[in-house]
Structure formats: structure tokens, C-alpha cells
Amino acid sequence: MNRGPRRPSAASDWIRRARDVMPGGVSSPVRAFGAVGMEPLFAASGKGARIFDEAGRGYLDYVLSWGPLILGHAAPPVVEAVTRAAREGMSFGACQAREVELAERVAAWVPGVEMVRFVNSGTEATMSAVRLARAATGRDLILKFAGCYHGHADAFLVVAGSGVATLSLPDSPGVPAATSGLTLTAPYNDLEAVAAVFAEHGARLAAVIVEPVAGNAGLIPPREGFLEGLRDACDRAGALLIFDEVMTGFRVARGGAQERYGVAADLVALGKVLGAGMPVAAYAGPRELMRRMAPEGDVYQAGTLSGNPLGMAAGIAQLDELERTDPFDGLERRAATLVDGIVAAASARGIPACGTALGSMWGVFLSDGPVFDFDDARRADTDLFARYYRACFERGVFFAPSAFEAGFLSTAHTDADVAETLGVVGEALDAALEAAPDAAPEGAG
Ligand code: HOZ
């Protein structure tokens, strides 16, 4: 087999080789950069707030592996814990103390959680939570919200956000109509539409699954009363409320959106920060529900690598560092400085913009706003976004390569990093305006 030299190598060479052996050259579609008219970033390393490509160029990173790296890249406590764990064995397929230690932390931090089942991805977590909800209620239908993304299981690829929205694929071939037909949808933040769904289907609804802060259609906070309204509708109909906190968990507050908004879910899906960059996720809830899972109960779900020692070690180390440093207020202040700065820079140039910072999640839409749902999000100027995006990237700032993704912040990002970013943003907005098609000189192609 020709492995070829790892370095030095032009990025274009890696892209060509990748496309030859991997669909689109990627392991996950959001990494392709197609929506911003660019070639993918090939990451070679990361340190603190920066990611470095194969050519050695550094970028201030606001993607942070799509959320897990709340302490930044290669955070020493996490690296040390994983290194130690690796020396002791990569995987056991047997119970180990680290699983108990991480589950105990989750139960202590996340409201309503008494028991935890570890899995390997957010998709597995949401998929399994829905299976449990269906078993517990004896019902089949679920309600999700347009623009929310709960991973790529069949039930969720219905008007989904994230890469599905970026690529404008409202549904996916390969998902049987019999399966997608069990997923009802409503606009995010729209309690009237929710009431209409419950009026017609309430007795058949197993669960409502929601991102309590939508982070896969850009960042859209819940309107006042929305989450409470969902709680109420579920209680009346005997359906379960599932919070997909894969993004918001340990980010919008220490205990996630349940803590921040004071609304209790029946089941919660966690991931990203939980595994500190390792493939770790979980679904969790009260004993009464979780005991339905095999082997205590009759609902089956399993995984060879679930509770993997490296992932558990990484998660414990990251949560312990968060516990020790309690960085949540500081992260939110810095995220707000970033969002306010971007919106101000856009406004100063006559570009409509609005944005939100929630904990260490943030987002800006290039539109007037307000943005309450997926339709509002899609009104943003994606062409301008693409030009602005490219100009930021060229100047060393790495945002998510889509107008339909949230941004993240880590404890490694300093005030100086944010100031540097805002300097780049101003220049990039100017460049984006100059590159506008109607700003091109006459006759230019
Ligand atoms: N869930 C991540 C943010 N939308 C994307 C991860 C991926 O699809 O690769």
C-alpha cells in the first residue's frame, strides 16, 4: 500500500487523495466547505485557541471540533488523563471505574439525572432516548422542530439543520417513508403550531425532542415560555420531553439548558463537551425511566466501545477542570463581546446583522432579525456570508463554514484573541463588500 509521505505535502494533494478514497473527501459532510466555496481545512494540530493546518498555518478556532473543546485544543489536564489511560489499555469491553466516576459527575451536574447510559455519538444518544420514550409510552410518533438537528438516525432526517440545511437536503433518500412518517415537525419557538400537533396527534405522541437552544440552524434561543409550553403540552398528553443537549450541555450553563431555563426534561442527550474531543455521548434521566434499558429492563441498546476508557478519562478530566475553574460567566462575557463586536462592525458598514451569546455558544446572522425559527434563519444573506467567511479564513480566523451552525468559545480564548478576531472581522466585511457581484467593475467576470 502506498502511504506516501505525511509531510510536507500541499493541502491540495491531500484533498485530491481524500476525494479519491472518501465521498467528498470527508468523514462528515459539514467539513467540506462547499457552502462557502472553499476547499476543506486539513488539520494537523491544535494548541489552545488555535488550529494548525497541514501547511503549518494557524487559525483562531471558533469551531473547536464542533463544540467539544471547551478548554481549547490539547488542554493539558485532558491530554494527561488520556495519555495515562491509554497506557493502561485502549478498550476493555468490560466495566471500569471511570464509567462510574463520569456518570456520577453527570448525575451531580445535570438536573433530573439519576442514571446515565454512555454511547459513542450524539446520534446514538438521541436515537436511543427516542427508543426509550417509545417503549415507556407505548406510542410511536415523535415531534421535532424544523432546523433542529439530532444526528443522522432515520427518524431525525426530516427538515433537519446542520449539514442537512447547509446542503439544502430537506430529507434524505434511504430513509423509509414509514419511518419519517412517524416524525412530525413544527417551527421552532411556535407554541401555536405545537398545540395544533398535539390537538391532532397528542394521544399518539411518544415524545417531543428539542434542542433547548437551537444550535444547528445558526444559534436561536428559545422564546420566553417556549420550553415551558413544551413541558406543559407533554404533561397534558402523557408524552415525554427530550432535551437534546449535545451542544448546550456544560455550555449554556454548568448543568445545561435545564439549569439555565429552569425547565425539566424527562430525558437528556449529552455529548461533545462530555467527551472533551473523544467519541463520547450519553442519554440520561431518572431511574424510573432509565431502568427500562437492558439489562435491567427490556429496551435494547448496546456498544462494543461504549464507556471507552480514553473517552471516560477525557470527560472526567474536562469536567473536573470546569468544576475547579468555574469559567461559565467569563466565557459568556467574552462571547458577548465577540457577538456585539461582529454585529457592530457589520452595522457600521450598513450590513444587517443580529446575534446571540449564550454561555460559550454564540451566533451571528447576516440579517435584520429577529430570528425565531428556521425560516427566519434562512433569510440571512448566504452569499455575503460566504465572501465574508473566506476573507476571515484567509486572515486566520476559522468559523464554522456554514451560515447554519453555532460558534463556540473556549477557556483558551483570551480577550486579545477576541480583539484580534474583531480586527479581522472588520477587514473581512470590507473585503466581502468589495467582492460583491454588483461591486465588480463593469465587464468583470
Ligand atoms: N453536530 C455538529 C454541528 N452541527 C456537526 C458535526 C458533524 O456533522 O460532523
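Residues numbered from 1 in each chain as written. Predicted model: local features only at pLDDT ≥ 70, side-chain atom pairs only at ≥ 80, totals over all residues. Heavy atoms only, no water.

(A) View of the packing of aromatic side chains. Counted under the stated rule, the structure contains 17 aromatic pairs. Ring geometry for phenylalanine 374 and phenylalanine 404: centres 6.2 Å apart, planes at 75°, overall edge-to-face. In this pair, phenylalanine 374 sits in helix H13 (residues 374-377) while phenylalanine 404 sits in the loop between strand E13 (397-398) and strand E14 (407-408), placing the two residues 30 residues apart along the sequence. When its relative accessible area of 10% is taken as the criterion, phenylalanine 404 is described as buried. Grouped by ring-pair contacts, the aromatic residues Phe33, Tyr59, Tyr62, Trp362, Phe385, Tyr388, Tyr389, Phe393, Phe398 and Phe399 constitute a single cluster. It is arginine 223 that lies over the ring of phenylalanine 372; its NZ or CZ is 3.6 Å from the centre. Taking NZ or CZ as reference, arginine 254 lies 4.1 Å from the ring centre of tryptophan 109, over its face. (Phe/Tyr/Trp six-rings, centres within 6.5 Å; stacked < 30°, edge-to-face > 60°. Helix = DSSP H or I, 4+ residues; strand = E, 2+ residues; numbered from the N terminus. Buried < 20%, exposed > 50% of the residue type's maximum accessible area, 1.4 Å probe, protein only. Lys NZ or Arg CZ within 6 Å of the ring centre and 35° of its normal.)

(B) Representation of the packing of helix H2 (residues 76-88) against helix H11 (residues 309-325) in the model. Between H2 and H11, the least distance of the axes is 8 Å, while the angle of their chain directions is 150°. Considered as vectors, H2 and H11 are oriented roughly antiparallel to each other. The two elements H2 and H11 meet at a crossing, and its hand is right-handed. Judged by residue contacts, Pro77, Val78, Ala81, Val82, Ala85 and Ala86 of H2 engage Pro309, Leu310, Ala313, Ala314, Ala317, Gln318 and Glu321 from H11. Of the residues assigned to the contact of H2 with H11, the class counts are 11 nonpolar, 1 polar and 1 charged. (Axes fitted to C-alpha atoms, helices over the stretch in contact; angles between N-to-C directions. Parallel < 35°, antiparallel > 145°, perpendicular 65-115°, else oblique. Left-handed = near helix turned anticlockwise from the far one by under 90°. Contact = heavy atoms within 4.5 Å. Nonpolar A, V, L, I, M, F, W, Y, C, P; charged D, E, K, R; others polar.)

(C) Spatial organisation of the pattern of salt bridges. Under the counting rule described, the total for this entry stands at 21 salt bridges. The salt bridge involving aspartate 298 is made with arginine 292; its shortest N-O contact spans 2.9 Å. By relative accessible area, aspartate 298 is classed as exposed at 57%. For arginine 292, a relative accessible area of 29% translates into the label partly exposed. Overlapping salt bridges, with partners in common, bring together Arg50, Asp417 and Glu420 in one network. (Salt bridge = Lys/Arg side-chain N within 4 Å of Asp/Glu carboxyl O.)

(D) Highlighting the sheet that holds strand E3 (residues 58-61). One open sheet holds the 4 strands; their spatial order is E1-E2-E3-E13, and the pairing between them is mixed. Whereas interior strands pair on both sides, the edge strands pair on one side only; in this sheet they are strand E1 (43-47) and E13. Each of strand E2 (50-53), E3 and E13 touches helix H15 (residues 415-434); the most contacted strand, E3, lies at about 105° to it. (Pairing = 2+ DSSP bridges.)

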